[in-house]
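# Tertiary structure, described
Spelled out from the first residue to the last, the chains are:
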Amino acid sequence: MESHSQFDGALKEACTSYPRHAGSLFQAYNDLKLAQKWTNISIVDIPALKRSAVRGDMPAAAETSEENSTLQSRIVVPCTLSENLSIEWINTVFDAVIPPPSEIYLGIVSDDSSIVYYKLSKGMVKPPQ
């Protein structure tokens, strides 16, 4: 990881600050930047959870509904498949990120390095038609 060309700046600082979650952060960051083609990517510190998240703009072609058609920053919180998450943990993410997002994505990294993104909304949200 340390010899990878993307391992510098804020990503390196976040991985050094939270080494327990460095692998999932590094994997999600590179997937979003290189494979998913997100733009304006930055690292968001979440001290309450002792980890960092990734903020960025999803490509317009990936937008799935009219309400999401305007480009806005998305938050991805990387975690591993083996982590135990709770509703309290998820609420902490919503409360810790400034400005507060209406939705976040969990970037769940498995042992084989594949990543699945789950969209979570705060409160009850009507599913799209």
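As a reminder, the structure under discussion sits directly above these lines.
To keep things clear, this report deals only with the structure shown in the data block. Note that the coordinates shown come from a computational prediction; the quantities given were computed from them, not determined experimentally. (Residues numbered from 1 in each chain as written. Predicted model: local features only at pLDDT ≥ 70, side-chain atom pairs only at ≥ 80, totals over all residues. Heavy atoms only, no water.)

This paragraph deals with the overall build of the protein chain. Scanning the protein chain from N- to C-terminus turns up 3 helices and 5 strands. In the protein chain, which comprises 129 residues, the proportion classed as buried is 40%. Residue pairs at least 24 apart in sequence account for 45% of intrachain contacts in the protein chain once pairs closer than 6 positions are excluded. Working note: accessible area of the protein chain is about 7900 Å², and carbon and sulfur atoms make up 52% of it. (Helix = DSSP H or I, 4+ residues; strand = E, 2+ residues; numbered from the N terminus. Buried < 20%, exposed > 50% of the residue type's maximum accessible area, 1.4 Å probe, protein only. Contact = heavy atoms within 4.5 Å. Areas by Shrake-Rupley, 256 points an atom, 1.4 Å probe, with all protein chains shown as cover.)

For strand 4 (residues 103-109), the buried fraction is high: 7 of the 7 residues fall into the buried class. Neither face of strand 4 is open: one carries Glu103, Tyr105, Gly107 and Val109, the other Ile104, Leu106 and Ile108, and all of them are buried. Relative to strand 4, strand 3 (residues 73-80) runs parallel, the two sharing 5 bridges. Each bridged residue has a counterpart across the sheet, and for Val77 the counterpart in strand 4 is Leu106. Crossover handedness for the path strand 3 to helix 3 (residues 87-96) to strand 4: right-handed. Bridge count for strand 4 against strand 5 (residues 115-121) is 7 bridges, and the pairing is antiparallel. (Pairing = 2+ DSSP bridges. Right-handed = clockwise from strand over helix to strand, strands pointing away.)

What follows deals with unusual backbone geometry. Excluding glycine, most residues fall at negative phi; most peptide bonds, likewise, are trans. In this structure, the amide linkage connecting Ile98 to the following residue, Pro99, adopts the cis form with an omega of -10 degrees. Of note, Pro99 is situated in the loop between helix 3 and strand 4.

Judged by nonpolar contacts, the single largest core of 15 residues is most densely connected at Ile46, Ala53, Ile75, Val77, Trp89, Val93 and Ile104. When contributions to this core are tallied by element, the ones reaching two or more residues are strand 1 (39-46), strand 3, helix 3 and strand 4. With 4 residues, the single largest contributor to this core is helix 3. Here Ala53 is in contact with Leu25, Ser42, Ile43, Val44, Ile46, Ile75, Val76, Val77 and Pro78, once residues within four sequence places are set aside. Counting 14 residues, the second largest nonpolar core, distinct from the first, contains Cys15, Ile41, Val54 and Val76. (Core = buried A, V, L, I, M, F, W, Y, C linked by side-chain atoms within 4.5 Å.)

Now for the sheet that holds strand 4. The 5 strands are arranged 1-2-3-4-5 in an open sheet whose pairing can be described as mixed. The outermost strands of the open sheet, each flanked by one partner alone, are strand 1 and strand 5. If you compare each strand with its neighbour and ignore which way they point, the axes differ by 30 degrees on average. Each of strand 1, strand 2 (51-57), strand 3, strand 4 and strand 5 is contacted by helix 3, which is oriented at about 125 degrees to strand 4, the strand it contacts most. (Axes fitted to C-alpha atoms, helices over the stretch in contact; angles between N-to-C directions.)

Turning our attention to helix 2 (residues 22-35). Under the 1.5 Å per step criterion, the end-to-end length of helix 2 is 19 Å for 14 residues, consistent within 8% with the ideal 20 Å. Of the positions making up helix 2, those classed as buried are Ala22, Ser24, Leu25, Phe26, Ala28, Tyr29, Asn30, Asp31 and Leu32. Contacts from the buried residues of helix 2 go to helix 1 (9-17), strand 1, strand 2, strand 3, strand 4 and strand 5. Where helix 2 terminates, the next one or two residues include Lys37, which has phi positive at roughly 65 degrees. (Expected span 1.5 Å × (residues − 1).)

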